[in-house]
Every structure is written in C-alpha cells, then in structure tokens.
Amino acid sequence: MRILLTGGTGLIGRSLCRALLAQSHQLTVLSRHPETVTSRCGATVAAMASLDEWQPEHAFDAVINLAGEPIADAAWSDKRKQALWDSRVTLTRQLVQKIAAAHVQPGVLLSGSAIGYYGNRQALALDEAADGGSGYSAELCAAWEHAALEASALGVRVCLLRTGLVLSDGGGLLAKMRLPFGIGVRFGRGEQWMSWIHIDDHVQIMLRLLDDAQAHGAYNLTAPEPVSQAEFVRILSELSGGRVVFTAPAGVLRLALGERASLLLEGQRVLPGRIKASGYAFRYSQVMDALRALL
Ligand SMILES: NC(=O)c1ccc[n+]([C@@H]2O[C@H](COP(=O)([O-])OP(=O)(O)OC[C@H]3O[C@@H](n4cnc5c(N)ncnc54)[C@H](OP(=O)(O)O)[C@@H]3O)[C@@H](O)[C@H]2O)c1
C-alpha cells in the first residue's frame, strides 16, 4: 500500500514505520523536519514538508495520522494549548480537506486519539461504549476524533486510536518515570488508574486495523490489565533494582504543574473491549511482563 503518515517521526510512528516497511509498504511521512525522515523512519521513506505538497492526482491507499505536539512537556499556557490544538485538530481538518480533494480517496484513515477522551473516571471500567469525559484532555480528544470522523462522509473507513500510556524503550513515559537507583515516585495517593500498552501491541493493533476492512470507529489501544499508579511505580522500582518509593503530594504537584497535574493525578481504567472481541491476542497483558521486556 502507499501510505501517508503524520507523526511518523515520533515514538509510535518510528516503530510503526519499521513494521510497515517490513511488509513492503511505500511510505511518505509528513514532517516539519523533512531532512530527518530517512534517518528516523527508514532509508526508503519519502518526506513531505507540508500538506500543500499533496496534489489531488497523488494517490494514497491509507493515511495514518499520529502528529501532535507533546502534551506533557510544557505548561498549558494559552499559547501551548493552541499548539496542542493546532497540531491535532487543525492538522486533522486539513488532512481531511486534502483527502476530499484527492482524485482517488484513500480506503482508510487511522487517526490518533487518547484515553484522555474519557476524562477522570476513577475506578469505573471504560470500554469504547463509555461516554467522553470533561476537562481539557477530554475536550481536545473529542475535537480531534470529530475532525477525523468527517472523512467517513467521503466514504473513507475511519478508525480512532484511543491510545493508552505507551511503554517503549525508545522514550516516552518510561524515560520520564525511570529514575536513578530504581527510585519510584507515587503521585498523590497513587490510586489513579494507569491504562498502559506495550509499543509492540500498539503497532500490531494498528497493522490489524489497517488491514481489517470491517474495522471502523473508536478502539481503545490499552492492555487488558490496567494498574493503579502506585502498583505501576512499585513494579517499575523493583525491576530497576530499587525498593524506595517516595510520595509527591497532590497539592505540591498542582502548585508546580497547574492544570497539567491532571495528567499525573487523574486516570481512567480503560479496557480494550473491541480489539479483544476481534480476536487480537495481546503479547503483553501484565505490566510486570511488559516492563521486564523493556528494562
Ligand atoms: N506515547 C503515548 O504514550 C501516547 C499516549 C496517548 C496518545 N498519544 C498520541 O499518539 C500520537 C503519537 O504519539 P508519540 O508518542 O509517537 O508522539 P511523539 O513522539 O511526541 O511524536 C509526535 C509527532 O508529531 C509531530 N509533531 C509534534 N508537534 C507538532 C506540531 N506542532 N505540528 C505538527 N506536527 C507535530 C512530530 O513530527 P515532526 O517533528 O517530524 O514534525 C512528532 O514526530 C500523538 O498525537 C500523541 O498525542 C501518545
């Protein structure tokens, strides 16, 4: 297949590119740094610097939309929120406009979203039938999904990737949470749920959604066994050779991080109902096994 990816240079995108190249697909990656695409995504991958380069006669069989300014890396100022919005919602709208203008539409659009869609729901088990939540992350995800779903009206099969916390040895959450000497940090009471997924499962599920002509709508990309933050940090600390877990009080985190503290102090217990029902067998269901494989 000829596949256009946004966010192909990112943590998930790079792993996905490797898997797609192994299946002999032809890849084009949209990037603000097109000169880095071959080194980050693969020697045969074409770079696109701007969506303006996508001419209507240029056909793609599939589009995979993973771009997004990192949500946890800087304070949520108005300017930052605009960047988070533009790199997801505005970019997705532009992508759908390009799909509409193409002489031949792609058959499928896999488009990013996150479990933040569900908001802060304590211990309630959430499959794809659950309602969206409230709060900044939930509103951002809902608008991002809405923008992608506009492609359905063009006859494109749209799958929404409600992605959990991706565990990878290439960066992301693990790089941030892994401290020297196996020191662990519990955020507040640590009761908030962490719905995680190993990067290998995330990539395999995306490949499956790409190929399965029946797949459409929202999919929770999370492992079947989410854990509390306290349990996650206990296991991470133990596997890293340490046994000391400190507590970062919720009040201190709120003071230091403002609204962004919600990413640490709130959570949701998300279950991969639809992908499990499709018969997908997770390689990593237990966080202990996933972390052991990565550390
Ligand atoms: N990793 C997770 O745990 C996780 C969890 C839930 C949801 N997600 C979502 O899944 C998607 C991929 O995640 P990831 O971890 O692979 O992200 P990542 O490593 O931060 O990569 C995101 C990619 O988006 C592009 N990008 C960043 N800022 C942009 C901007 N302002 N305008 C246009 N493009 C921009 C970058 O490409 P260039 O620099 O090449 O332009 C980058 O390679 C993201 O949208 C993320 O929100 C990830």
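Above this text you will find the structure in question.
Cut-offs used in this document
- Starting afresh in each chain, residues are numbered from 1 along the sequence in its written order.
- Reporting of local features is limited, given that this is a predicted model, to residues whose pLDDT is at least 70; pairs of side-chain atoms are given and counted only at 80 or more, and all residues count toward the totals for whole chains, interfaces and linings.
- Side-chain metrics in this entry use all non-hydrogen atoms of the structure; hydrogen atoms and water are not considered.
- A molecule or strand has a residue near it when one of that residue's heavy atoms lies within 4 Å.
- N or O atoms within 3.5 Å of each other form a polar contact, as long as, within protein, one can give a hydrogen and the other can take it, and as long as residues adjacent in sequence are counted only when both atoms are side-chain atoms.
- Residue exposure ignores everything except the shown protein chains as possible cover, and the areas themselves are Shrake-Rupley values with a 1.4 Å probe.
- Every helix listed is a DSSP run of H or I at least four residues long, and every strand listed is a run of E at least two residues long, numbered separately from the N terminus.
- Ten residues, namely Ala, Val, Leu, Ile, Met, Phe, Trp, Tyr, Cys and Pro, are considered nonpolar, four, namely Asp, Glu, Lys and Arg, are considered charged, and the remaining ones, Gly among them, are considered polar.
- By this definition, two strands are paired if DSSP reports at least two bridges between them.
- Fitting a line to C-alpha atoms yields each axis, with helices limited to the stretch in contact; the angle taken between N-to-C directions then spans 0 to 180 degrees.
- In what follows, a contact means two residues having at least one pair of non-hydrogen atoms within 4.5 Å.
- Think of it this way: a Phe, Tyr or Trp ring, Trp meaning its six-membered ring, pairs with another when their centres are within 6.5 Å, and the plane angle makes it stacked under 30 degrees, edge-to-face over 60, tilted otherwise.
- For every residue, the accessible area obtained with a 1.4 Å probe (protein chains only) is divided by the maximum for its type, and the residue is called buried under 20%, exposed over 50%, and partly exposed between those limits.
- In this analysis the charged atom, NZ for Lys or CZ for Arg, is taken to sit over a ring once it is within 6 Å of the ring centre and within 35 degrees of the ring normal.
- Put simply, buried Ala, Val, Leu, Ile, Met, Phe, Trp, Tyr and Cys residues joined by side-chain atoms within 4.5 Å make one nonpolar core.
- Here the term right-handed applies to a crossover when the path leading from its first strand over the helix to its second strand runs clockwise, the strands being oriented away from the viewer.
- For this analysis, a salt bridge means a side-chain nitrogen from Lys or Arg found within 4 Å of a carboxyl oxygen belonging to Asp or Glu.

Some points on the site of the ligand
Item 1. The environment of the ligand is made up of 23 residues, and the closest members are Thr 9, Ile 12, Ser 31, Glu 69 and Arg 88.
Item 2. Residue Thr 9 places a side-chain N or O atom 2.6 Å away from an oxygen atom belonging to the ligand.
Item 3. Side-chain polar atom of Ser 31 to an oxygen atom of the ligand: 2.5 Å apart, as the coordinates give it.
Item 4. Relative to its unbound accessible surface of 890 Å², the ligand loses 80% to contact with the protein.
Item 5. Of all the elements in the fold, those that place two or more residues in the shell around the ligand are helix H1 (11-22), helix H3 (78-101), strand S5 (108-114) and strand S8 (165-167).
Item 6. Within the shell around the ligand, the residues separate by chemical class into 9 nonpolar, 10 polar and 4 charged.

Describing the sheet that holds S5
Item 1. Here we have 7 strands laid out as an open sheet, ordered S3-S2-S1-S4-S5-S7-S12, and parallel in their pairing. Bordering the open sheet on either side are strand S3 (46-48) and strand S12 (217-221), each of which pairs with just one other strand. Looking at each pair of strands side by side, their axes are set apart by 20° on average, direction ignored.
Item 2. Alignment of strand S4 (residues 62-65) against S5, held across 4 bridges, turns out to be parallel. Paired with Ala 62 across the strands is Val 108, a residue of S5.
Item 3. Against the sheet, H3 makes contact with strand S1 (2-6), strand S2 (26-30), S4 and S5, and its axis sits at roughly 175° relative to S4, the strand it touches most.

A few points about the packing of aromatic side chains
Where two aromatic rings form a pair, the distance of their centres and the angle of their planes describe that pair.
Item 1. Evaluation of the coordinates by the stated rule reveals 4 aromatic pairs.
Item 2. Their ring planes at 90° and their centres at 5.2 Å tell us that Tyr 117 and Tyr 118 sit as a pair that is edge-to-face.
Item 3. The exposure class assigned to Tyr 117 is buried, which follows from its relative accessible area of 15%.
Item 4. Tyr 118 sits in the buried class, given a relative accessible area of 0%.
Item 5. Arg 269 extends its terminal NZ or CZ atom over the ring of Trp 193, reaching a point 4.7 Å from the ring centre.

Describing the nonpolar core
Item 1. One finds Leu 5, Leu 16, Leu 20, Ile 64, Leu 110, Met 206 and Leu 209 to be the most contacted residues of the largest nonpolar core, which totals 34 residues.
Item 2. The element contributing the most residues to this core is helix H6 (residues 199-211), with 7 residues.
Item 3. Residues within four places of Leu 209 in sequence aside, it is in contact with Leu 110, Arg 157, Cys 159, Leu 161, Ala 215, Tyr 219 and Ile 275.
Item 4. With 21 residues, the next largest nonpolar core counts Leu 174, Met 194, Ile 235 and Ala 290 among its residues.

Structural notes on the pairing of S4
The side chains of a regular strand alternate, first on one face of the sheet and then on the other.
Item 1. Here S4 shows a buried face lined by Ala 62 and Ile 64 and a second buried face lined by Val 63 and Asn 65.
Item 2. In the sheet, S1 pairs with S4 via 4 bridges, with the strands oriented parallel. In the sheet register, Leu 4 faces S4, and the bridge partner there is Val 63.
Item 3. With H3 bridging S4 and its parallel neighbour S5, the resulting β-α-β unit is right-handed.

Focus: the pattern of salt bridges
Item 1. Applying the stated criterion across every chain yields a total of 8 salt bridges.
Item 2. Measuring nitrogen to oxygen at the nearest pair gives 3.1 Å for the salt bridge that ties Arg 80 to Glu 69. With a gap of 11 residues between them, Arg 80 in helix H3 and Glu 69 in the loop between S4 and H3 connect regions that are remote in the sequence.
Item 3. Accessibility expressed as a relative area gives 14% for Arg 80, which makes it buried.
Item 4. Between Arg 234 and Glu 238 there is a salt bridge, with its nearest N and O atoms 3.0 Å apart. Of the two residues, Arg 234 and Glu 238 are both situated in helix H7 (residues 229-239); the distance of 4 residues between them amounts to about one turn of the helix.
Item 5. Looking at Arg 234, the relative accessible area reads 38%, which means it is partly exposed.
Item 6. A cluster of three or more residues bridged by salt bridges with shared partners is formed by Glu 231, Arg 234 and Glu 238.

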